Amino acid sequence: MKGKKNRTNTHKKRLQQHLEHVNLYAAGIDIGSREHYVAVPPSLDEDSVKKFGCFTPDLEAMADWLVKIGITTVAMESTGVYWIPAFEILESRGLKVILVNARHVKNVTGRKTDVKDCQWLQQLHTYGLLHGAFRPEDDYVSLRAYMRQRETIVSHLASKIQHMQKALRLMNVLLDNVVSDITSQTGMAIIRDILSGIRDPKELAKNRDCRCKNSAEIIAKSLVGNYRDEHLFALKQSVELYDFYNAMLDECDHVICQYLSTLRTQADASERPAQKKRKKCNSNALRFDASINLYELCGVDLTAIDGMEEHGLLKIIAETGIDMSKWATENRFTSWLGLSPNNKISGGKVLSSSSIKTKNRAKQAFKMAAFSLSNSRSGLGAFYRRLRARIGAPKAISATARKLAVIFYKMLKNKTEYRKQSQEEYDELHKSRVLKQLKHKAKLFGMELIASE
């Protein structure tokens, strides 16, 4: 029995040598909506677990306590946005703070309490087993907040357009059947005349813009409706809210433009290569020219990439920042975006290779850019169409988005200019690649390909 006990102790010592204390002064915080539980090493304080409230004085007291006992790094786990105030206060005190994914710190099966959760976090962080979630530089955190606020305003604008269209439909005013967009110059002029009291269809149709495809007679026919007071009231309020959110969007874009001018630049706008001015066909596009700011911030002209426009690029940079050294390789960058295959292998068999489902806003911006290439005459457009015909649109969009992300990563990291490839060049390269593969296969079977005359 004594010999068996000695063998067991020796085995434990060998295991302990593999788990070294990497962070000796580490703390773990379980973030909640009403209270936070903080665990520290028992050697630093008699009360190794404390509970703090969520008010700012409570967070300041928590930071004071951690600094006083000598904590240098903190790991926290949270859902929602409850972690942000604590993160910012602790970081301002000079502590290294990481936010970890809740799926990576699941405890073993058993009783679950807030105290055990924070102690488990502290223990994992002590052994260096936790990796923090990505967070860009503080300057780009602010830019991200502005861009996300802009997305919120745009979503409110879209809902008000839907309310306007519903009110018109209830009155059987089929304006959306004769104009491509009811918020266009023709559409809004007609709606405002309706609200001013004009009911004559021919008089309303005089607002038709010369570029409108339908004639004034067809537009007048669509404007004969049942103008009930309750529906006119709903239309009036929707238009007023639409105008209000439009003004808010103008103000938001003005603030974003001013903030971009305060960020540290890497190049002078006068050195930017001449580019063809692109037509802005999206009503939700930025209401200022951001291409100059983007060039000054990044040092390269990212707008030269096929399918990438100023709004989408600004959304991506707000989420990722411009420091690509945080991802060692392009594969790690695309993996963080959720654009790489996520192989699940068990027993030597690939169970699944689909990409991870994430709500990464940068990923969505890349996918929107990839979708916009469906009719492009560029090499990237030809690449997307070839894949779409073979594996379907959803997978083709993801593959093209990954290609765009790799180009974005290399341009920012290496400061290289984009080399535009035409559809003809891509087709020729693809043809030569397929021909090379066929020759190789023929050689394996002892055959030789001969070009037909």
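Residues numbered from 1 in each chain as written. Predicted model: local features only at pLDDT ≥ 70, side-chain atom pairs only at ≥ 80, totals over all residues. Heavy atoms only, no water.

On to the packing of aromatic side chains. Considering all chains together, one arrives at 13 aromatic pairs under this definition. Aromatic pair Phe52 and Trp65: ring centres 5.9 Å apart, planes at 40°, arrangement tilted. Of the two residues, Phe52 is situated in strand E3 (residues 49–53) and Trp65 in helix H2 (residues 56–68); the sequence distance between them amounts to 13 residues. Grouping residues by exposure puts Phe52 and Trp65 together as buried. Between Trp83 and Phe87, the ring centres sit 5.4 Å apart and the planes meet at 80°, which makes this aromatic pair edge-to-face. (Phe/Tyr/Trp six-rings, centres within 6.5 Å; stacked < 30°, edge-to-face > 60°. Helix = DSSP H or I, 4+ residues; strand = E, 2+ residues; numbered from the N terminus. Buried < 20%, exposed > 50% of the residue type's maximum accessible area, 1.4 Å probe, protein only.)

A word on the pattern of salt bridges. Counted under the stated rule, the structure contains 20 salt bridges. Residues Asp176 and Arg169 are paired through a salt bridge, measuring 3.1 Å at the closest nitrogen-oxygen approach. Judged by its relative accessible area of 22%, Asp176 is partly exposed. In this structure, Glu230 engages Arg228 in a salt bridge whose closest nitrogen and oxygen atoms are separated by 2.6 Å. The structure contains a network of salt bridges with shared partners spanning Glu60, Asp64 and Arg93. (Salt bridge = Lys/Arg side-chain N within 4 Å of Asp/Glu carboxyl O.)

Leu143, Leu175, Leu235, Leu302, Phe366, Leu404 and Phe408 are the most contacted members of the largest nonpolar core, which totals 82 residues. The residues contacting Phe408, other than those within four sequence positions of it, are Leu302, Ile305, Leu313, Ile316, Ile317, Thr320, Met324, Phe333 and Phe366. Ranked by size, the runner-up nonpolar core spans 23 residues in total, among them Ala63, Leu66, Val74 and Ile89. (Core = buried A, V, L, I, M, F, W, Y, C linked by side-chain atoms within 4.5 Å. Contact = heavy atoms within 4.5 Å.)

Let us look at the layout of surface pockets. The calculated volume of the largest pocket comes to roughly 1800 Å³. Looking at the largest pocket, it is lined by 40 residues, and the ones nearest its centre are Leu99, Ala133, Phe134, Arg144 and Trp336. Listed by contribution, the elements that provide at least two residues to the lining of the largest pocket are helix H3 (83–92), strand E5 (96–100), helix H5 (138–170) and helix H12 (330–337). Residues belonging to the lining of the largest pocket are distributed by class as follows: 17 nonpolar, 10 polar and 13 charged. (1 Å grid on protein atoms, 1.4 Å probe; cavity = no way out; pocket = protein on both sides within 12 Å on 5 of 7 lines; lining within 4 Å. Points joined across faces, edges and corners; volume = space filled by probe spheres on them. Nonpolar A, V, L, I, M, F, W, Y, C, P; charged D, E, K, R; others polar.)

This next bit is on the pairing of strand E7 (residues 349–352). Two elements, strand E6 (residues 344–346) and E7, share three bridges in a ladder whose sense is antiparallel. Among the inter-strand pairings, Ser346 is bridged to a residue of E7, identified as Lys349. From the end of E6 to the start of E7, which pair antiparallel, there are two residues, and Gly347 there has a positive phi angle of about 65°. (Pairing = 2+ DSSP bridges.)

A few words now on the environment of Met188. Counting through the fold element by element, Met188 comes out in helix H6 (residues 185–195). Assessed through its relative accessible area of 8%, Met188 is described here as buried. C-alpha separation for the pair Met188 and Ser354, spaced 166 residues apart in sequence, amounts to 45 Å. When residues no more than four places from it in sequence are discounted, the contact partners of Met188 are Met164, Ile182, Thr183, Val239 and Tyr242.

Our next topic: the pairing of strand E4 (residues 73–77). Most of E4 sits inside the fold, with five of its five residues counted as buried. Here E4 shows a buried face lined by Thr73, Ala75 and Glu77 and a second buried face lined by Val74 and Met76. Across five bridges, strand E1 (residues 26–30) lies against E4 in parallel orientation. The residue bridging Asp30 from the neighbouring strand is Glu77, located in E4. Pairing geometry for E4 and E5, over five bridges, is parallel. Pairing of Val74 across the sheet is with Val97, part of E5. On the question of chirality, the crossover connecting E4 to the parallel E5 by way of H3 is right-handed. (Right-handed = clockwise from strand over helix to strand, strands pointing away.)

Let's shift gears to unusual backbone geometry. Notably, Asn172 is not glycine yet its phi reads approximately 60°, a positive angle. Of note, Asn172 is situated in the loop between H5 and H6. Of note, the phi angle at Lys415 is positive, near 55°, even though the residue is not glycine. Residue position: Lys415 is located in the loop between helix H15 (393–414) and helix H16 (423–444).

Burial in H3 covers these residues: Trp83, Ala86, Phe87, Ile89 and Leu90. Against E1, H2, E4 and E5 lie the buried residues of H3. Within two residues after H3, Gly94 carries a phi angle of roughly 90°, on the positive side.

Tracing the sequence through the fold places Leu129 in the loop between helix H4 (114–126) and H5. Taking the relative accessible area as the measure of exposure, Leu129 reaches 46% and is therefore partly exposed. The spatial distance from the C-alpha of Leu129 to the C-alpha of Asn23 is 10.0 Å, given a sequence separation of 106 residues.

Another point: the confidence of the model for the chain. For the chain, mean pLDDT is 89; residues scoring 70 or higher make up 92% of the total. The least confident element of the chain is helix H1 (residues 2–18), whose mean pLDDT is 55; the most confident is helix H9 (residues 229–260), at 96. (pLDDT = per-residue confidence, 0-100.)

So, on to the side chain of Ser378. Take Ser378: it is sitting in the loop between helix H13 (361–371) and helix H14 (379–391). Taking the relative accessible area as the measure of exposure, Ser378 reaches 3% and is therefore buried. Engagement of the side chain of Ser378 in a polar contact is seen with the side chain of Ser376, the distance being 2.7 Å. A polar contact is formed between the side chain of Ser378 and the backbone nitrogen of Gly381, at a distance of 3.2 Å. Sequence-distant contacts of Ser378, defined by excluding residues within four places in its chain, comprise Asp306, Leu373, Arg385, Lys420, Gln421, Ser422 and Gln423. (Polar contact = N/O pair within 3.5 Å; in protein donor to acceptor, adjacent residues only side chain to side chain.)

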